[in-house]
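Architecture and fold: a report
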Amino acid sequence: MSLRSVMVPVLLLGVLGGCDKQVSSNGQDALAPTANSSQAAAEPAAAQAIDRSHKGEAAPTVTFEGPDGKPMTLAAFKGKPVLVNLWATWCGPCVKEMPTLDAAAATITVATISQDKDRATVAGFFAKHSFARLKPYLDKDVGFSIAYNASLPMSILFDSTGHEIWRSTGGMDWTSATAKAALAEAK
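Here the structure is a predicted model, which is why all the values come from computation and not from measurement. (Residues numbered from 1 in each chain as written. Predicted model: local features only at pLDDT ≥ 70, side-chain atom pairs only at ≥ 80, totals over all residues. Heavy atoms only, no water.)

Side note on the side chain of Glu-164
The condition that has to hold: Secondary structure elements follow DSSP: runs of H or I of four or more residues count as helices, runs of E of two or more count as strands, with numbering from the N terminus. Polar contact is the term for a pair of N or O atoms within 3.5 Å; when the atoms are in protein, one must be able to donate a hydrogen and the other to accept it, and sequence-neighboring residues count only if both atoms are side-chain atoms. Every residue pair with non-hydrogen atoms within 4.5 Å of one another is taken to be in contact.
Along the polypeptide, Glu-164 turns up in strand 7 (residues 164-169). A polar atom in the side chain of Glu-164 sits 2.8 Å from the side chain of Arg-167. Contacts of Glu-164, omitting those with residues within four sequence positions, involve Asp-51, His-54, Lys-55, Gly-56, Glu-57, Tyr-148, Ile-156, Leu-157 and Phe-158.

Encoded structure:
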């Protein structure tokens, strides 16, 4: 039995465990829950906050598939800030935040890297939703989920030199004032 055959199922259990976070349906910023938000009461604040404890760390060298199906790494985005969003078609909060990620992509490069297993599933999802700006990246080996011990959705903002600025876990409205301010930190 290989290490991979043991790690992938264990990792997927961890990813599935984190994907039950709810996206606020009342228009509240996921980054700044209010006192009367039922989401804030149900989830720890850390799940909704921006984590800057990894600021300055270099982007991982994980290989994933670009929109054309060819292998690539985050180094391809060097020279411009990029918001990496780890998501999957089976993750409700991931799916719910995709239209707002598409809107955010008007002002910053967004790499939505699916943790699904096959390109056809992701291509079908993109065809159904007709996003204006997002492109279908694929990490079928879940390398990013392993590297970040990720619960989906997870977003990581990198600066133009490929160093982390912050990360957040859980769905959010990327068009909110709080999210826009956080994205403006990229240089």
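Overview of the state of the cysteines
What counts, and what does not: Disulfide: a pair of cysteine sulfur atoms within 2.5 Å of each other. For every residue, the accessible area (1.4 Å probe, protein chains only) is compared with the maximum for its type, and the residue is labelled buried under 20%, exposed over 50%, or partly exposed between those bounds.
Tallied over the full model, the rule gives one disulfide. The partner cysteine of Cys-91 in its disulfide is Cys-94, sulfur to sulfur 2.4 Å. One quick way to see it: the torsion about the S-S bond of Cys-91 and Cys-94 is about 75°, and its sign makes the bridge right-handed. Under the relative-accessibility criterion, Cys-91 is labelled buried at 0%.

Looking at the pairing of strand 3 (residues 82-87)
For the record, the criterion: At least two DSSP bridges between two strands are required for those strands to pair. For crossovers, right-handed means that the path from the first strand over the helix to the second runs clockwise, given strands pointing away from the viewer.
Counted residue by residue, strand 3 has six buried out of six residues, so it is predominantly covered. Because side chains alternate across strand 3, one face comprises the buried residues Val-82, Val-84 and Leu-86, and the other comprises Leu-83, Asn-85 and Trp-87, equally buried. The pairing of strand 3 with strand 4 (residues 109-114) spans six bridges and is classified as parallel. By the bridge assignment, Leu-86 is partnered in strand 4 with Ile-113. For the crossover from strand 3 across helix 3 (residues 92-104) to strand 4, the handedness is right-handed.

Section: the packing of aromatic side chains
Remark: the centre distance and the inter-plane angle together describe each pair of aromatic rings, the angle taken between the planes. Defined as follows: Classification of ring pairs uses Phe, Tyr and Trp, with its six-membered ring standing for Trp, and accepts pairs whose centres are within 6.5 Å; under 30 degrees between planes counts as stacked, over 60 as edge-to-face, and the remaining range as tilted.
In the structure shown here, the tally under the stated rule is nine aromatic pairs. Ring centres of Phe-125 and Phe-126 lie 6.2 Å apart, and the angle between their planes is 65°; on these two criteria the pair is classed as edge-to-face. Relative accessible area serves as the criterion here: at 10%, Phe-126 is assigned to the buried category. Connected via pairs of aromatic rings, a cluster forms that spans Phe-64, Phe-77, Tyr-137 and Phe-144.

Comments concerning the side chain of Thr-100
Examined against the element boundaries, Thr-100 turns out to sit in helix 3. At 2.8 Å, the side chain of Thr-100 forms a polar contact with the backbone oxygen of Glu-97. Ignoring sequence-local partners within four residues, the contact set of Thr-100 consists of Met-172, Asp-173, Trp-174 and Thr-175.

Describing the environment of Cys-91
Relative to the helices and strands, Cys-91 resides in the loop between strand 3 and helix 3. Spatially, the C-alpha atom of Cys-91 lies 9.9 Å from that of Gly-171, the residues being 80 residues apart in sequence.

Quick notes on the confidence of the model for the chain
As a reminder of what qualifies: Scored from 0 to 100, pLDDT records how confident the predictor is in each individual residue.
Scored by pLDDT, the chain comes out at a mean of 82, with 74% of its residues at no less than 70. In this model residues 1-16 is a low-confidence stretch, pLDDT under 50, and it forms 15 contacts with partners more than four residues away in sequence or in other chains. Taken as a whole, residues 20-47 scores under 50 in pLDDT and shows 37 contacts with residues more than four places along the chain or in a different chain.

A look at the environment of Gly-170
Structurally, Gly-170 is set in the loop between strand 7 and helix 6 (177-183). Assessed through its relative accessible area of 9%, Gly-170 is described here as buried. Residues Gly-170 and Pro-93, spaced 77 residues apart in sequence, show a C-alpha to C-alpha distance of 7.1 Å.

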